[in-house]
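Read off the chains here:
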Amino acid sequence: MFWFIMAGMAAFAALAAIWPVLRSSPPSRDADPATSEPAFYTAQLDEIQRDVERGLLPQGEAASARAEAARRLISARSEAPKPALPPRARWRLAAAALIAVGVPVVALPLYAYLGRPQMPDEPLASRPPPSLASSNIEAAVAGVEAHLIAKPDDGKGWAVIAPVYMRLERYEDAARAYSEALRLLGEDGARRAAYGEALVAAAGGVVTDKAREAFMKALADEPGLPQARFYLALAAEQDGEKDDAIRDYESLIADASPDARWVDAVKKRLASLKGEPPPQADPEASAAAPEAQQAMIEGMVSRLANRLASNGGSVDEWERLIRAYTVLHEADKAKAALADARKALAPDQNAVASLDALAHDLGLGDAN
Amino acid sequence: MIVEIGHFALVLALCAALAQTIVPSLGARLGDPVLMGVGQSAALTQLALVTIAFAALVNAHLTSDFSVLNVAENSHSAVPTIYKISGIWGNHEGSMLLWLLILAIFGGLVALFGRSLPRALRANALAVQGLIGVAFLLFILLTSNPFERLDPAPFEGRDLNPVLQDPGLAVHPPMLYLGYVGFSIVYSFAAAALIEGRIDAAWARFVRPFALVAWSLLTLGIAAGSFWAYYTLGWGGFWFWDPVENASLMPWLAGTAFVHSVAVMEKRDALKVWTIFLAILAFSFSLLGTFLVRSGVLTSVHAFANDPRRGVFILAILAFFILGSFALFAWRAPVLKQGGLFAPVSREGALVLNNLLLTTACATVFFGTLYPLALEELTGEKITVGAPFFNATCGLLLLAAASVMPIGFSLAWKRGDLLGVIQRLTAAIAAGAVAAGAGAAWLRGGSIVAAIMAGVAIFVIVGSLIEVVVRAWRPGLAPGLALRRAFGLPLSFWGAALAHFGVGLTLLGLAGVGFGAETITTLHKGAPVEVGPYSVTLDSIGDRVGPNYRETVAAMTVRSGATVVAMIEPARRQFAARQMATTQAGLATIHFGQIYVSIADPTPDGDVPARLYWKPLVTLIWFGGATMALGGALSLADRRLRFGVAARARAGAVVAAAE
């Protein structure tokens, strides 16, 4: 069916284009009387006459207009007309053949290369409505999103979709969803901390001021919340306040119930901070969590690095990356990132100065 | 399947455009009327195919078919229907398809209505038009294909950029493109005339309506864009000398010069080579505008796409058509028969002066726009050429052009009487001087520019009115008869008078800027704030839900003394799908001026940071643009014959009467 339509269209295009050749009589020396320049002026003279008859042109003006047109008519006639070559049937046939053959020869391969002939239309109305029960997570998300656009004040909807966004690594959307849920459902320590976590993730693993604020608020609401305390300690670590970070991590471990699955991850961070070898993980207690957390942070950093490498970024983003590498004890990568940042931001004197200051603070060595 | 049919139609349109290029030019060479006729049939075929393609894309947008990449990236199921349609050209691929559709429409118009033209001229013009089509079809198919598919299709689109979700998008780009692309016909005919080595009155008569359509729509398009920027960008500016705006101003200036010089050519058979040059220039600037906007050289609201491949492709198209046509010009222009000579003091002479001023203004815009780009490309140094430069060069030249405009308009063809004209315009000159004086007194030591502009504006407005009166009335004539005579004046005269009147209006609106007032402050509920002669009070803040956004609305009352003049509701709109906010200015039109308020997000304690402006006469800027376009349309409707000689007897009589 589809190819029938295509063939029909191609045939129509070719035939329509060569129509004048198809209906032409055998070539004759038909002159071009209606459209030559003398004819144009003759037509103008007729039009002047008509205007005079209709009373549109006063006699005096008509006379001078007539004189002008006649003058141009004479000068146009005095130019010898170009002798036209006798038209030849061969050329017409060649042109017709060129189009008849050329259209399919150009159009079909080009379309085969560019197009998706097998692919049907998928207008929204004809697609199955996405539902939460659907196994397709994207469809489910789209369903909830549509619902939230219609009813932006449904706090529960935002609360449902926020963790899904986290899982889909749409961190900025997650942060927005959490903040809407907080706005509509009221304050909640755990949700506030989750909001902070989304902000951290969106910032490529760095605890931003906004995230820090969120964790503080979460702690005020629900004192001792481990997630919030962990990120605040991480914030101290990222700010270079090593002692504070160590103290916070230690107190977090001390307060933890012994079977908490995240304790090992914290111990590992603490050890690396103190420069000790990482503690032997208790095979019983160790779950996937610590590695997963570490992997998540590393993943975020590498995504940030990739983004900056391919699209560039602001000074803040570059500094965030350099800091993150330092925190992860990847001095070489931090130095490489510093060099890249200097290159990328070179025209901006302020940015370079800021980078130099950062390099000095982190002990990465001064400019070259 | 509709999508794929549209895609295939676009590929076939390329074939039709190729046929349109090759066969008629062969026919013109051989003198075979049948092969030349293929130009028409191929142009109409191309139009039909491009229309099918465009309709298929419209259908995909209307039905939210997210299996089409272009729809998925630029639409959303919740977008109101009007923005589903206007969103088609609110993105790079779709806007190029619109460009192409308009190109095909103009080609089709030539095919249908070009009967009175010499066959060879029409065949060559259609061939050139076909070649432009080939270039842009290749560009669209290979680098900016609107029919690219997504498999599997996402369930929701990424939404149209909120800044573009505005009625302005429905109007501004299509008008601008009709203007830009309309000059392609003028260009094609210029190239055809050069290829043939002859140009005559038939050429001017046929090209003139196309040039007027293009010019009128370009005028409207620029005015619409300027008005849109004014109410949507939040600080009440209407012209920024932004490179993208300059890109539309340059073809307008060249086109304005062309519309005037083609009148000289039609009536007096003179200025032929210069007219051809302007024809090439106008479309070259249109292409340059397309390049600047579409290549990603500039980053602005207009730059949808930043794909270097596209930039190189468009640059190649640009280089080919501009360099090609100028090479053709250099080679063939000496062959053209020169027209007659004329005295410097005459309508023709004045039009030459107008042309010189306009093209010089155009050149200053050109250098001001491209020099910083070239400098950055070559040395990496960034400089900004902004309003001060353009105001001092282009602005001054245009002001000069406006000040001599009424004089030129009053001069007779062939040889004019400068003294007589100045006598006739005494009233206009006096009115202008009074306006300038009053303005200067009002500003008291401030910038004198606004006062001078106001003076020139009044001079232009009164001058165009006087010209109407002088043509229709002479002492002793009964008013009724004079009115009948006025209605009997040729439409092209009315068109010119109206367009000049519009220039005066726009100038007056621009002058009004100098007399405005501005207040930047934080509004507290119930506390009035003065701006110019008015006061604005914040009444309440509320939330509203739109189809795909939420908005915070600040209700305000505008008072003059104690009387309430208007209620306004400036707002901030928050678009969920893209997490972007836009500003909706609150506007109240008072006489021809406007109170303009734009707000930022309210503070937690209910105060609203806001910018308030009083802009006297500001709406005249766009009324003037619309009036100019209407003038173009009137002139277009006049299909009478035009001879320069006809004016002589009448002008002589009028001068005699004035003396």
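Read on for a plain summary of the structure. (Residues numbered from 1 in each chain as written. Chains lettered and ligands numbered in written order. Predicted model: local features only at pLDDT ≥ 70, side-chain atom pairs only at ≥ 80, totals over all residues. Heavy atoms only, no water.)

## Some details on the sheet that holds strand β9 (residues 593-599) of chain B
All names here are of chain B.
Step number 1: Taking strand neighbours across the sheet as the criterion, the four strands line up as β1-β10-β9-β8 in an open arrangement whose pairing is antiparallel. Edge positions in the open sheet fall to β1 (517-523) and β8 (586-590), since each of these has one partner strand only. Averaged over all pairs of adjacent strands, the angle between strand axes in this sheet comes to 15°, irrespective of strand direction.
Step number 2: Here β9 pairs with strand β10 (residues 608-615) via six bridges, running antiparallel. In the strand pairing of β10, Q594 is matched with K615.
Step number 3: Across the sheet, helix α8 (residues 201-232) touches β8, β9 and β10, and the angle it forms with β9 is around 50°. (Pairing = 2+ DSSP bridges. Helix = DSSP H or I, 4+ residues; strand = E, 2+ residues; numbered from the N terminus. Axes fitted to C-alpha atoms, helices over the stretch in contact; angles between N-to-C directions. Contact = heavy atoms within 4.5 Å.)

## A few points about the pattern of salt bridges
Step number 1: The full count for this structure, using the stated rule, is 19 salt bridges over all chains.
Step number 2: The closest approach of N and O atoms between A:E145 and A:R170, which form a salt bridge, is 3.0 Å. With A:E145 in helix α6 (residues 137-150) and A:R170 in the loop between α7 (155-167) and α8 (171-185), the pair connects residues that are 25 residues apart, well separated along the chain.
Step number 3: In this structure, B:E467 and B:R424 form a salt bridge, with 3.3 Å as the shortest nitrogen-oxygen distance. You can see B:E467 sitting in helix α16 (residues 449-472) and its partner B:R424 sitting in helix α14 (residues 418-424), a full 43 residues away along the chain. Across the pair, exposure class does not vary: B:E467 and B:R424 are buried alike.
Step number 4: Through salt bridges that share partners, A:E145, A:R170, A:D173 and A:R176 make up one connected network. (Salt bridge = Lys/Arg side-chain N within 4 Å of Asp/Glu carboxyl O. Buried < 20%, exposed > 50% of the residue type's maximum accessible area, 1.4 Å probe, protein only.)

## So, the packing of aromatic side chains
Residues and elements named next belong to chain B.
Step number 1: Evaluation of the coordinates by the stated rule reveals 33 aromatic pairs over all chains.
Step number 2: A ring pair is formed by F277 and F326, whose centres lie 5.8 Å apart and whose planes are at 55°; its orientation type is tilted. Placement of the pair is F277 in helix α10 (residues 272-294) and F326 in helix α11 (residues 308-332), with a sequence separation of 49 residues.
Step number 3: Residue classification places F277 among the partly exposed residues on the basis of a relative accessible area of 23%.
Step number 4: What makes F326 partly exposed here is its relative accessible area of 25%.
Step number 5: Ring geometry for F592 against F623: centres 6.1 Å apart, planes inclined by 90°, an arrangement best described as edge-to-face. (Phe/Tyr/Trp six-rings, centres within 6.5 Å; stacked < 30°, edge-to-face > 60°.)

## Considering the interface of chain A and chain B
Step number 1: Taken together, the contact between chain A and chain B spans 67 residues of the former and 71 residues of the latter.
Step number 2: With both sides pooled, the region where chain A packs onto chain B buries about 6,300 Å², and carbon together with sulfur makes up 66% of that total.
Step number 3: Our enumeration of links across chain A and chain B arrives at two salt bridges.
Step number 4: A salt bridge links B:D32 to A:R92, with the nearest nitrogen and oxygen atoms 2.7 Å apart.
Step number 5: At the boundary of chain A with chain B, the tally comes to eleven residue pairs in polar contact (both at pLDDT 80 or more).
Step number 6: The biggest single contributor to the side of chain A that touches chain B is helix α5 (residues 89-114) of chain A, with twelve residues. (Buried area = accessible area lost by both parts, 1.4 Å probe. Polar contact = N/O pair within 3.5 Å; in protein donor to acceptor, adjacent residues only side chain to side chain.)

## What to know about unusual backbone geometry
All names here are of chain B.
Step number 1: At S64, a residue that is not glycine, the phi angle is positive and equals roughly 50°.
Step number 2: Of note, S64 is situated in the loop between α2 (33-62) and α3 (69-74).
Step number 3: Here the phi dihedral of W241 falls at roughly 50°; this positive angle occurs in a residue that is not glycine.
Step number 4: Within the secondary structure, W241 is located in the loop between α8 and α9 (243-268).

## Quick notes on the side chain of B:T519
All names here are of chain B.
Step number 1: With respect to the secondary-structure elements, T519 resides in strand β1.
Step number 2: A distance of 3.1 Å separates the side chain of T519 from the backbone oxygen of E530, its partner in a polar contact.
Step number 3: Setting aside residues up to four positions removed in sequence, T519 forms contacts with V529, E530, V531, A610, R611 and L612.

## So, helix α1 (residues 2-30) of chain B
Given 3.6 residues per helical turn, the α-helix brings residues three or four places apart onto the same face.
Step number 1: The end-to-end C-alpha distance of α1(B) is 41 Å, a good match for the 42 Å that 29 residues give at a rise of 1.5 Å each.
Step number 2: Among the 29 residues in α1(B), 23 count as buried, and that is most of the element. (Expected span 1.5 Å × (residues − 1).)

## Details of a nonpolar patch on the surface
Step number 1: A surface patch of nonpolar side chains, about 480 Å² in accessible area, is lined by A:L98, A:V101, A:V105, A:V106, B:L18 and B:I22.
Step number 2: Elements that contribute at least two residues to the nonpolar patch include exactly α5 of chain A together with α1 of chain B.
Step number 3: For the nonpolar patch, the element with the highest residue contribution is α5(A), accounting for four residues.
Step number 4: Locating A:V101 in the fold gives a position in helix α5. (Patch = residues over 30% accessible without salt bridge, like charges linked within 9 Å, V, L, I, M, F, W, Y side chains within 5 Å. Areas by Shrake-Rupley, 256 points an atom, 1.4 Å probe, with all protein chains shown as cover.)

## Observations regarding the side chain of B:N74
Step number 1: Looking at where B:N74 falls in the secondary structure, it is placed in helix α3.
Step number 2: Reaching out from B:N74, the side chain makes a polar contact with the backbone oxygen of B:N70 at a distance of 3.0 Å.

## Considering the pairing of strand β3 (residues 534-545) of chain B
Residues and elements named next belong to chain B.
Step number 1: In the sheet, strand β2 (residues 529-531) pairs with β3 via three bridges, with the strands oriented antiparallel. Across the sheet, the residue bridging to E530 is S535, located in β3.
Step number 2: As consecutive antiparallel partners, β2 and β3 are separated by two residues, and within that stretch G532 has a phi angle of approximately 55°, a positive value.
Step number 3: Across ten bridges, the pairing between β3 and strand β4 (residues 549-560) is antiparallel. Bridging across to β4, I541 finds its partner in A554.

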